[in-house]
Amino acid sequence: MHDFAAAIFDLDGTLLDSMHVWEKIDFYFLSKRGIPVPEDYARTIAPLSFQQVARYTIDRFSLKTTEEEIMREWQDMARHEYANEIRLKNHAFEYLTALKQRGVKLATATSLHPELSEPVLRNNGIYDFFDVQCSTDEVGRGKEFPDIFLLAAERLNTQASSCVVFEDILPAVRSAKRARMRVYCIQDDASSHDEAELRKIADGYFRDFREAPLPSFKPIERE
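Every chain begins its residue count from 1, and numbering advances along the sequence as written. It should be noted that, the model being predicted, local features are given only for residues of pLDDT at least 70 and side-chain atom pairs only at 80 or more, the latter also being counted only at that level, while totals for whole chains, interfaces and linings use all residues. Each side-chain value is derived from all of the structure's non-hydrogen atoms; neither hydrogens nor water enter the calculation.

1. Comments concerning the overall build of the chain
Alright, step 1. Looking only at helices and strands, one finds 10 helices and 6 strands in the chain.
Alright, step 2. Note that the radius of gyration is over C-alpha atoms, with the globule rule given as 2.2 Å times the number of residues to the power 0.38. Its C-alpha radius of gyration of 17 Å places the chain within 12% of the 17 Å reference for a compact globule of 223 residues.
Alright, step 3. Counting all 223 residues of the chain, 52% fall into the buried class.
Alright, step 4. Only the protein chains shown count as cover for residues, with accessible areas throughout obtained via the Shrake-Rupley method and a probe of 1.4 Å. With the model as given, the accessible surface of the chain reaches about 10900 Å², and the carbon-plus-sulfur share is 48%.
Alright, step 5. Residues scored as positive are Lys and Arg, those scored as negative are Asp and Glu, and His as well as the terminal groups of each chain are ignored. Charge placement uses NZ in Lys and CZ in Arg. For Asp and Glu, CG and CD serve respectively. In the chain, 29 side chains carry a positive charge and 38 a negative one; their mean positions are 3 Å apart. Helix numbering and strand numbering both begin at the N terminus, where a helix is a DSSP run of H or I of at least 4 residues and a strand a DSSP run of E of at least 2. Only protein chains enter the accessibility calculation, which uses a 1.4 Å probe. A residue is then buried if its area is under 20% of the maximum for its type, exposed if over 50%, and partly exposed in between.

Written as structure tokens, this is what we have:
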């Protein structure tokens, strides 16, 4: 049974082939301060909101700075890549187009600041595909909690049980399931260490969007 009324998409690592950018940013940011990147750092911060990551980084490395200063530094480092270089995952554009043709409502659910998410979506020609855009900073908690997915469903005026979520990290898959949503995982190298568990928990695990399901009802005729 593949019928659904709305689809909620994570950006980094799901729609966007972008995790390598954050690996570089983590390296340059910490190495500039004489700190090697801990093996568990990327995995720990993956489900957190942008502000939570800044707070965690300050606390973990005893940095003498503010959350706002760190977030600005990260955004400055990422701005060019998101505006010009980052591309969609394979067949993502075709899949989004097919969903729009079927009248499926679309939302983003991301920890990215709009200063980064809007340019990358526009540069890849999909900004106007989405009916609503949601950020973890709006709900004050990261994706280890279902708040952002519930916010997206509310803004789409759609019951949670009629939504599907596309994600790439384990904490987000778990929390979206707690929200009573169907959850599909898109493979990403950055979360490959959790593949076995993701396959167990998610409703589907796909190498790319060619494998993602479409609603079984007929496409809506558009004028």
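And the narrative resumes.
2. What to know about the confidence of the model for the chain
Alright, step 1. Here pLDDT means the predictor's own confidence in every residue, given as a number from 0 to 100. On average, residues of the chain carry a pLDDT of 93, and 96% of them reach 70 or more.
Alright, step 2. Every residue in residues 219-223 scores below 50 in pLDDT, and together they form 8 contacts with partners more than four places removed in sequence or on other chains. Residue contacts follow a heavy-atom distance rule, with two residues in contact if any of their heavy atoms lie within 4.5 Å.

3. Side note on the layout of surface pockets
Over the atoms a probe the size of a water molecule is rolled, and this reveals where empty space is left.
Alright, step 1. A pocket here means an open set of points on a 1 Å grid, computed over the protein atoms alone, that has protein on both sides within 12 Å along at least five of seven lines. A cavity is instead a set of points where a 1.4 Å probe fits but cannot get out; residues with an atom within 4 Å of a point line either one. Grid points are joined across faces, edges and corners, and a volume is the space filled by probe spheres set on the points. Estimates place the volume of the largest pocket at around 710 Å³.
Alright, step 2. Lining the largest pocket are 32 residues; nearest its centre among them are M19, A42, I45, A46 and P47.
Alright, step 3. Of all elements in the fold, only helix 1 (19-31), helix 2 (41-45), helix 3 (50-61) and helix 9 (170-178) reach the threshold of two or more residues within the lining of the largest pocket.
Alright, step 4. Three residue categories are used. Nonpolar comprises Ala, Val, Leu, Ile, Met, Phe, Trp, Tyr, Cys and Pro, charged comprises Asp, Glu, Lys and Arg, and polar comprises the others, including Gly. Looking at the lining of the largest pocket, its residues break down into 16 nonpolar, 5 polar and 11 charged.
Alright, step 5. A volume near 180 Å³ is recorded for the second largest pocket.
Alright, step 6. As for the second largest pocket, its lining consists of 13 residues, and the residues nearest its centre are D17, K89, Q187, D188 and D189.

4. Overview of unusual backbone geometry
Alright, step 1. We note that N157 has phi near 55 degrees; this positive angle belongs to a residue other than glycine.
Alright, step 2. With respect to the helices and strands, N157 occurs in the loop between helix 8 (147-155) and strand 4 (163-167).

5. Examining the nonpolar core
Alright, step 1. Counting residues in each nonpolar core, the largest one holds 48 residues, and the members touching the most others are F9, W74, Y82 and F166.
Alright, step 2. Ignoring sequence-local partners within four residues, the contact set of F9 consists of L15, Y95, L96, L99, L106, A107, T108, A109, F130, F166 and F209.
Alright, step 3. We define a nonpolar core as any set of buried Ala, Val, Leu, Ile, Met, Phe, Trp, Tyr and Cys residues linked to one another through side-chain atoms lying within 4.5 Å. Of all hydrophobic cores here, the second largest spans 27 residues; its members include A109, V132, C134 and A160.

6. Thoughts on the pattern of salt bridges
Alright, step 1. Salt bridges are defined by distance alone: a side-chain nitrogen of Lys or Arg within 4 Å of a carboxyl oxygen of Asp or Glu. Taken as a whole and judged by the stated rule, the model has 22 salt bridges.
Alright, step 2. Ionic pairing is found between R55 and E67, a salt bridge with its closest N-O pair at 3.0 Å. Remark: E67 occurs in helix 4 (residues 67-85) and R55 occurs in helix 3; sequence separation between them is 12 residues.
Alright, step 3. In this structure E67 comes out as buried when scored by relative accessible area, which is 17%.
Alright, step 4. Between R199 and E195 there is a salt bridge whose closest N-O contact spans 2.9 Å. Linking R199 with E195, this pair stays in helix 10 (residues 195-201), spanning 4 residues, or about one helical turn.
Alright, step 5. What you see here is one network of salt bridges that share partners, running through R72, D76, R79 and E115.

7. Examining helix 4
Alright, step 1. With 19 residues, helix 4 extends 26 Å from end C-alpha to end C-alpha; this agrees with the ideal 27 Å at 1.5 Å per step.
Alright, step 2. Given a residue, its bend is the angle between the two axes fitted to the seven residues that end at it and to the seven that start from it. In the structure, helix 4 departs most strongly from a straight axis at A78, where the bend amounts to approximately 45 degrees.
Alright, step 3. Listed in full, the buried residues belonging to helix 4 are E67, I70, M71, E73, W74, Q75, A78, E81 and Y82.
Alright, step 4. Those residues of helix 4 that are buried lie in contact with helix 1, helix 2, helix 3 and helix 6 (114-123). Helix span, as expected, comes to 1.5 Å for every residue beyond the first.

8. Comments concerning the pairing of strand 1 (residues 6-9)
Looking along a regular strand, one sees the side chains alternate between the two faces of the sheet.
Alright, step 1. Neither face of strand 1 is left uncovered, since the one carrying A6 and I8 and the one carrying A7 and F9 both have all their residues buried.
Alright, step 2. Pairing between strand 1 and strand 2 (residues 105-110): 4 bridges, direction parallel. Across the sheet, the residue bridging to F9 is T108, located in strand 2. Strands are labelled as partners when DSSP assigns at least two bridges between them.

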